[in-house]
Amino acid sequence: MASPDLFPNVSFSDVSAGAAPVADGATAAFGVDATSGGPRLSLVRAGKPEVEPTIEIDLSDAQIFKLGPKEWLCVSDESEAKAGVDEKSFSRAVKVVLRTEAESKAFSLAFQRWKQRVISGKTGELLENGSIIASRSKFDTKIEASSAKMYFHYYGQLLHQQNMLQDFVRTGTYYAAVMENRSDFEGRVVVDVGAGSGILSLFAAQAGARHVYAVEASEMAEHAQRLISGNPSLGQRITVIKGKVEEVELPEKADILISEPMGTLLVNERMLESYVIARDRLLAPNGKMFPTTGRTGFPFVKFSNFSYILQIHMAPFSDEYLYVEMANKALFWQQHNFFGVDLTPLHGSAFQGYFSQPVVDAFDPRLLISPPTYHTLDFTNMKEEELYEIDIPLSFVASVGTRVHGLACWFDVLFNGSTVQRWLTTAPGSPTTHWYQLRCVLSQPLYVMAGQEITGRLHLVAHSSQSYTIYLTMSAKMWGVGAEQGGILQTSTGKLELKEPYYRLSQPQSYMTSQDQQQQQPSLQPQGSEQQMQEGLSPGITIDQVDQDCGLH
Ligand SMILES: C[S@@+](CC[C@H](N)C(=O)[O-])C[C@H]1O[C@@H](n2cnc3c(N)ncnc32)[C@H](O)[C@@H]1O
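Residues numbered from 1 in each chain as written. Predicted model: local features only at pLDDT ≥ 70, side-chain atom pairs only at ≥ 80, totals over all residues. Heavy atoms only, no water.

The name that an unreviewed UniProt entry assigns to the protein chain is Probable histone-arginine methyltransferase CARM1, with the source organism given as Eleusine coracana subsp. coracana. As stated in UniProt under Catalytic activity (unreviewed entry), the record for the protein chain gives "L-arginyl-[protein] + 2 S-adenosyl-L-methionine = N(omega),N(omega)-dimethyl-L-arginyl-[protein] + 2 S-adenosyl-L-homocysteine + 2 H(+)". (UniProt positions renumbered as here; feature names shortened; annotations may be inferred.)

Draft legend 1. Representation of the overall build of the protein chain. Within the protein chain, the secondary structure is distributed over 14 helices and 25 strands. Looking at the 553 residues of the protein chain, the share that counts as buried comes to 54%. The contacts in the protein chain between residues at least 6 apart in sequence include a share of 71% that link residues at least 24 apart. Summed over all atoms, the accessible surface of the protein chain reaches about 23600 Å², with 53% contributed by carbon and sulfur. (Helix = DSSP H or I, 4+ residues; strand = E, 2+ residues; numbered from the N terminus. Buried < 20%, exposed > 50% of the residue type's maximum accessible area, 1.4 Å probe, protein only. Contact = heavy atoms within 4.5 Å. Areas by Shrake-Rupley, 256 points an atom, 1.4 Å probe, with all protein chains shown as cover.)

Draft legend 2. Representation of the UniProt feature "domain: Protein arginine N-methyltransferase" (unreviewed entry) in the protein chain. In this structure's numbering, the residues bearing the UniProt feature "domain: Protein arginine N-methyltransferase" (unreviewed entry) are residues 312–463. Taken end to end, residues 312–463 is 12% helix and 44% strand, and its two terminal C-alpha atoms sit 19 Å from one another.

Draft legend 3. Structural detail: the sheet that holds strand 13 (residues 254–259). Across the sheet, 5 strands lie side by side as 12-11-10-13-14; this open sheet has parallel pairing. The sheet is open, and its two borders are formed by strand 12 (238–242) and strand 14 (283–290), each paired with just one other strand. With direction set aside, neighbouring strand axes in the sheet form an average angle of 25 degrees. Its contacts with the sheet put helix 8 (residues 220–229) on strand 11 (211–216) and strand 12, and the angle it makes with strand 12 is roughly 165 degrees. (Pairing = 2+ DSSP bridges. Axes fitted to C-alpha atoms, helices over the stretch in contact; angles between N-to-C directions.)

Draft legend 4. Representation of the site of the ligand within the structure. Residues in contact with the ligand amount to 22 residues; listed here are only the nearest, Arg170, Gly194, Glu216, Val245 and Glu246. For the ligand, an oxygen atom lies 2.9 Å from a polar atom in the side chain of arginine 170. Backbone polar atom of glycine 194 to a nitrogen atom of the ligand: 3.0 Å apart, as the coordinates give it. Protein contact buries 100% of the 600 Å² of open area that the ligand shows by itself. Under a 2 Å grid-point criterion requiring more than half of the atoms, the pocket assigned to the ligand is the largest cavity. Those elements that provide at least two residues to the shell around the ligand are helix 3 (145–155), helix 4 (158–165), helix 7 (199–206) and helix 10 (271–282). A total of 3 residues in the shell around the ligand trace back to one element, the largest contributor, which is helix 3. For the shell around the ligand, the class distribution of residues is 10 nonpolar, 7 polar and 5 charged. (Near = heavy atom within 4 Å. Polar contact = N/O pair within 3.5 Å; in protein donor to acceptor, adjacent residues only side chain to side chain. 1 Å grid on protein atoms, 1.4 Å probe; cavity = no way out; pocket = protein on both sides within 12 Å on 5 of 7 lines; lining within 4 Å. Sits in = over half its atoms within 2 Å of the grid points. Nonpolar A, V, L, I, M, F, W, Y, C, P; charged D, E, K, R; others polar.)

Draft legend 5. Summary view of the packing of helix 11 (residues 320–329) against helix 12 (residues 347–355). Interaxial distance between helix 11 and helix 12 falls to 8 Å at its minimum, and their mutual angle equals 140 degrees. Taken together, the axes of helix 11 and helix 12 lie oblique to each other. At the point where helix 11 passes helix 12, the crossing takes the right-handed sense. Counted together, Tyr323, Met326, Ala327 and Lys329 of helix 11 and Phe351, Tyr354 and Phe355 of helix 12 form the full contact between these two elements. (Parallel < 35°, antiparallel > 145°, perpendicular 65-115°, else oblique. Left-handed = near helix turned anticlockwise from the far one by under 90°.)

Draft legend 6. Expanded view of the pattern of salt bridges. The final tally for this structure, using the stated rule, is 26 salt bridges. Glutamate 273 is the salt-bridge partner of arginine 270, the closest N and O atoms lying 2.8 Å from each other. Accessibility classification places arginine 270 together with glutamate 273 in one group, the buried group. Among the ionic contacts, a cluster of salt bridges with common partners joins Lys138, Lys142, Arg270, Glu273, Glu384 and Glu385. (Salt bridge = Lys/Arg side-chain N within 4 Å of Asp/Glu carboxyl O.)

Draft legend 7. Focus on the environment of arginine 182. Within the secondary structure, arginine 182 is located in helix 6 (residues 182–185). Look at arginine 182 and you get partly exposed, because its relative accessible area is 36%. As a C-alpha pair, arginine 182 and leucine 158 span 24 residues in sequence and 29 Å in three-dimensional space. A distance of 3.3 Å separates a polar side-chain atom of arginine 182 from the backbone oxygen of glutamine 206.

Draft legend 8. Highlighting helix 5 (residues 168–180). For helix 5, which comprises 13 residues, the first-to-last C-alpha distance of 17 Å matches the rise-based estimate of 18 Å (1.5 Å per residue) to within 8%. For helix 5, every residue scored as buried is listed here: Arg170, Thr171, Thr173, Tyr174, Ala176, Ala177, Val178 and Met179. The N-terminus of helix 5 is capped by aspartate 167, whose side-chain oxygen sits 3.3 Å from the backbone nitrogen of valine 169. (Expected span 1.5 Å × (residues − 1).)

Draft legend 9. Main features of the packing of helix 5 against helix 7. One way to put it is that helix 5 packs onto helix 7 with a least axis distance of 9 Å and a crossing angle of 25 degrees. Judged on the interaxial angle alone, helix 7 and helix 5 are roughly parallel. Crossing geometry of helix 5 relative to helix 7 is assigned as right-handed. Residues Arg170, Thr171, Tyr174, Tyr175, Val178 and Met179 of helix 5 form the contact with helix 7, whose participating residues are Ile199, Leu200, Phe203, Ala204 and Gln206. Classifying every residue of the contact of helix 5 with helix 7 by side-chain character gives 8 nonpolar, 2 polar and 1 charged.

Draft legend 10. Expanded view of the state of the cysteines. In the structure shown here, the tally under the stated rule is 0 disulfides. Unpaired in terms of disulfides, cysteine 440 finds its nearest cysteine sulfur in cysteine 409, a separation of 5.0 Å. By relative accessible area, which is 1% here, cysteine 440 ends up buried. (Disulfide = S-S within 2.5 Å.)

Draft legend 11. Geometry of the sheet that holds strand 22 (residues 453–463). Here we have 4 strands laid out as an open sheet, ordered 18-22-23-24, and antiparallel in their pairing. Edge strands, defined here as strands with exactly one partner in the open sheet, are strand 18 (389–397) and strand 24 (489–497). Across the sheet, the mean angle from the axis of one strand to that of its neighbour is 15 degrees, orientation sign disregarded. Looking at chain direction, strand 22 and strand 23 (residues 467–477) are connected through 10 bridges and run antiparallel. Looking at strand 23, one finds that isoleucine 454 is bridged to alanine 476.

Right, here's the structure in full:
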């Protein structure tokens, strides 16, 4: 068998037309119709590749029935329009006979796979022997249909794929990591999990992959097909499959999975779960995952070759500007006479509402008040269910005396290639990526002294809208009278919705360090009491902000 989509030496006959069988030596080829972009099965007589295919079957509404170990009946709807005559519909049944049982099985899998490219909205349905098996995949059982619809609609648009492609840190790091590790790709079968525009599939093909299956669930699969067809020297080794990785069937196991499944705070979108499912469903035992490992900073951790580990990094921060800006947003609801209406009953809810939005922006690392800690996700061994709830104990030592306004988070990923190790970092202070960093701001800041311990917990709970609710608790011992006796804790908690972030700034501002803030605090401090400040009564310090339409990613 030359390729999983090409079957030489078959015989076929148009049973519905009563046509005589075309003897062995014909070719059955799966591919895309140049005009419609839809999937086709072409049956071509031997020795006549230059002429039109003898029979072309549109797979969009075709079915396949098993007649024998090596025999299949492909039934499709056809129409015929003659000048001045109404269009006539009819069914066409074509019998195809393969050489061996192995080829016969591969033929049926290829048929289903190509047909799946257009079964959008009917996921979980596989055709086998002509009957439809109705089964809900793991994706469907845990994700709300309305969320999935919006999610794949978003990724079905080229403008959002362009946004990711134009993140040069991201795309350039993937390109370098793949090309520098050609030996990991050469002659290998690769599955691109969530292929989007198909860019990583094309990189893998450039690095010498034998065959790449580009699996993409959104309408972007059609664009990917066009991009791949437009790069024929690479495209002939790439098959685009429209479907979810939780559902598609491939004719062979992958030697390598390649993917870019990282969302804001790493876990947003819940695509990491799809990546783990793809590992279990589509990757050969001991297969590799690309990217491989994640970390930042301290301490450096060496991971085993081609384990797939990512890390979320966290550190407390102090940012008076940000805090005041957020508190001020709710000031609108402090009006007693808004067209004759007292808005104040809603002020408390509005205030809490603003603090339930994690802030996505790029900030100056000098705002961090202790070295970061990290949490590791080991994809080599972890179960998908372990991503449903992530519980991270926090412990830091403050390096300065300041007000702590919350927890800053980011992530790193390692491409642990056999030749070169390459990191993709989203850390503050590094070149900014489209992920930026994420900060959970507490509505009630904590006061700490230099050397004081800050403890707490970051608890992430996944929900069916493809994101997480964040429960943050941070505590510090009080100082001053009675502190020596111990046990007096200031604790601040927050409940934040990762799916509804506040996209704040495109680039880092020139911030003051927390020491500067301490010195300048009087001019930043609101005139009113601490209580007033927390309730948004602070004077109108405004900071220019650019709302980002960053969408999901
Ligand atoms: C972050 S984008 C990455 C796109 C592309 N790989 C790149 O690097 O530019 C993730 C893509 O995965 C697709 N996707 C997400 N979950 C999927 C699933 N369960 N099965 C198939 N595709 C999925 C999305 O539609 C989206 O196009």
